[in-house]
Amino acid sequence: MRAVVVVAGDVDERDVWPYAVWSDSDGTSTTLSVHVHDSQELVGVLSALTALGLEVTSTRLVDEPGAYDPPGTVR
């Protein structure tokens, strides 16, 4: 699954790799793209970004067409 994470401030891509890929920045916030296997891994990535001193202001999951859905997944 993919998550879009917004953090406060301008972030250098080298600061968040391998946790996330830089997508866009307007100088006051930076949008990152994060690929994870499950929600537990997403929590780990968010914790790592916070430990780097970044303030996570928004997180949303993005549906990826053609992505594998484990048995029992409800959409």
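Residues numbered from 1 in each chain as written. Predicted model: local features only at pLDDT ≥ 70, side-chain atom pairs only at ≥ 80, totals over all residues. Heavy atoms only, no water.

Student: So what about the pattern of salt bridges? Which residues, and what values?
Tutor: For the structure shown, the criterion picks out one salt bridge. Arg 14 serves as the salt-bridge partner of Asp 12, at 2.5 Å between the closest nitrogen and oxygen. Owing to a relative accessible area of 30%, Asp 12 belongs among the partly exposed residues under this scheme. (Salt bridge = Lys/Arg side-chain N within 4 Å of Asp/Glu carboxyl O. Buried < 20%, exposed > 50% of the residue type's maximum accessible area, 1.4 Å probe, protein only.)

Student: I'd like a description of helix H2 (residues 39–51), backed by residues and values.
Tutor: Its 13 residues place the ends of H2 18 Å apart at the C-alpha level, agreeing with the 18 Å of an ideal helix rising 1.5 Å per residue. Turning to H2, its buried residues are Leu 42, Val 45, Ala 48 and Leu 49. The buried residues of H2 occupy an angular sector of 120° when the element is viewed end-on, so they sit on one face. Seen from the open side of H2, the exposed residues pointing more than 90 degrees away from its buried face are Ser 39, Gln 40, Val 43 and Ala 51. Each element contacted by the buried residues of H2 is listed here: strand E1 (2–8), helix H1 (13–16), strand E3 (29–35) and strand E4 (56–62). (Helix = DSSP H or I, 4+ residues; strand = E, 2+ residues; numbered from the N terminus. Expected span 1.5 Å × (residues − 1). Arc of directions from axis to C-beta. Contact = heavy atoms within 4.5 Å.)

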